[in-house]
Amino acid sequence: MTGIDECLVEAMTIPGALGVSLVDWTSGLTLGAAGEGPSGDHDAGAADATELARAVVQNPSFADPDSAGTLAEDVIVTSPGRYHLLRFVDAGFETGAFLYLRLDRDTANLAMARLRLRGIAERLVLV
Amino acid sequence: MDLQTRSPLVSRRRPQLLASGRTLGDVVAELAAGRRTGIVQSTTGAVHLVDGAVLQVESAGALDLPTLLVRSGRIPAQELLDLARSCEQPLPKALLDSGRVGRGVLELCHLTALSDAAFLALPQDSGPVRFQEDVRPQDGVIRTVDVPTLRAAVARRRALLDRIWPCPRLDVAPLRLSAAGTAGVGTRWSRGQRAVMHAADGRRTPLEIARLLGRPAFATLLDVRRLAAAGLVESPPEPDFGGLLAAPPRPSPPAVPTVRPTALPAGPVRLHGGSADPDIALLIRLRAALEARL
């Protein structure tokens, strides 16, 4: 029984986590947020991350061949100081939601963070 | 049915009739700035406010929470109907206690239904607006959204539609396949987009297709614009009144189905040609049962 806020709190326990939000990519609406947003603004970060998510979702090149439209799972952006990790949430209906986690590159482990965020995204839509 | 007779909720004040001529979003923003609590009702929808935050939005064209839950496969419609009839506590709590629906799914369904209804209702010219002060829904608070945040999201959705294919008439006119669409569709299109093409029979509007498929209105309109941009679907040409051989004019459907100002805008599902889906009939009964509980 994990709600949005519990999931965001858990995401903030991932080593190196700076901030996390749950975003609707069809509108850029921030459905929930924890920690710090980019430049202190979760909503602006959500709007920017939405552009990225949309580019991936709407272009079939990013889906597996013969996958009948199965979505991409993650989007990963690295900069010298940060990891930006987007994880799509599959709720069984068209939420268009994704988790957006920003990590401090000095203290984060990208592979582990990706696995942890996957688990959180799955628990969010668990019965 | 009047809200007062449908609802045991106690309001200390009589409903106020607010000035019209603005969008419902404008009226809601003004009430939210004053941190008001109550239900705002117009011909395009209803918005529930608690301390200026949006708790729920209803619009006749949008999917509601029960429909989304059933469509997501979380709970069969009959089981949800039984639960709605028998539970003595608020339905969201009963759903969580039943173990059939997790809190995350409930919150996501709620926010999806809320933003879909806001997308349809808020930008419309409001007409007369009633505000019933201090009415609090008995079903409790699942999650609220700030009005400025919600309005910005609605504006981004409208802009996204126009960026894909700037033809708002597509949203309200009957949808049909173009010559290219009739010839077939490639595998690059998603299941949802193929379903929209299958339902485009030249009579149903995109909102009616959304209801038929049990999909959010916005997601369906998004697919319609993408398919139109690819030249696969189109709306019939507008009647040419100047020509002698013009087709007889047909009334253009309203942007959202009209709702009586005194009724909650949650009308029965009406589709051209009916539906073979037994879930639809069950969902209508479910909605009636839920309204009876309010």
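Okay, so let's go over this structure. Keep in mind that what you see is a predicted model, and the values were worked out from it rather than measured. (Residues numbered from 1 in each chain as written. Chains lettered and ligands numbered in written order. Predicted model: local features only at pLDDT ≥ 70, side-chain atom pairs only at ≥ 80, totals over all residues.)

Considering the interface of chain A and chain B
- Contacts between chain A and chain B engage 26 residues on the former and 30 residues on the latter.
- Top contributing element to the side of chain A that touches chain B by residue count: strand S2 (residues 29-35) of chain A, with 3 residues.
- Taken together, the residues of the side of chain A that touches chain B break down into 14 nonpolar, 9 polar and 3 charged. (Contact = placed C-beta atoms within 7 Å. Helix = DSSP H or I, 4+ residues; strand = E, 2+ residues; numbered from the N terminus. Nonpolar A, V, L, I, M, F, W, Y, C, P; charged D, E, K, R; others polar.)

Focus: unusual backbone geometry
All names here are of chain B.
- A positive phi angle is found at Arg35, which is not glycine, with a value near 50 degrees.
- Mapped onto the fold, Arg35 is located in the loop between helix H2 (24-33) and strand S2 (38-41).
- Of note, Asp134 is a non-glycine position whose phi angle comes to about 70 degrees, a positive value.
- Along the chain, Asp134 turns up in the loop between strand S5 (129-133) and strand S6 (145-146).

Description of the environment of Arg102(A)
Residue and element names in this part refer to chain A.
- Assignment of secondary structure puts Arg102 in strand S5 (residues 97-104).
- The exposure class of Arg102 is buried, given the 22 C-beta atoms found within 10 Å.
- Setting aside anything within four residues of it in sequence, one finds Arg102 in contact with Leu18, Gly19, Pro38, Arg82 and His84. (Buried ≥ 20, exposed ≤ 12 C-beta atoms within 10 Å, placed from the backbone.)

Things to note about the nonpolar core
- The biggest cluster of nonpolar side chains holds 106 residues, and the ones touching the most others in it are Ala11(A), Phe98(A), Leu99(A), Leu101(A) and Val40(B).
- Considering each element in turn, this core owes the most residues, 12 residues, to helix H6 (residues 103-121) of chain B.
- Not counting residues up to four positions away in its chain, the partners in contact with Ala11(A) are Ala17(A), Val20(A), Ala34(A), Leu99(A), Leu101(A), Leu117(A) and Ile120(A). (Core = buried A, V, L, I, M, F, W, Y, C linked by C-beta atoms within 7 Å.)

Structural notes on the sheet that holds S5(A)
Residues and elements named next belong to chain A.
- Read from one edge of the open sheet, 5 strands run S2-S1-S5-S4-S3, paired in antiparallel fashion. Bordering the open sheet on either side are S2 and strand S3 (74-78), each of which pairs with just one other strand. Between one strand axis and the next, the sheet turns through 15 degrees on average, direction left out of account.
- The sheet contact formed by strand S4 (residues 82-88) and S5 spans 7 bridges and is antiparallel. Looking across to S5, one finds that Phe88 is bridged to Phe98.
- Its contacts with the sheet place helix H1 (residues 4-11) against strand S1 (17-24), S2 and S5, and it is angled at close to 45 degrees to S2. (Pairing = 2+ DSSP bridges. Axes fitted to C-alpha atoms, helices over the stretch in contact; angles between N-to-C directions.)

Points about the pairing of S5(B)
Residue and element names in this part refer to chain B.
- Bridge count for strand S1 (residues 16-18) against S5 is 3 bridges, and the pairing is antiparallel. The residue of S5 that forms the bridge with Leu17 is Arg130.
- In this sheet, S5 lies alongside S2 in antiparallel orientation, the contact comprising 4 bridges. The residue bridging Gly38 from the neighbouring strand is Glu133, located in S5.

Coordinates in, geometry out; function isn't part of it.
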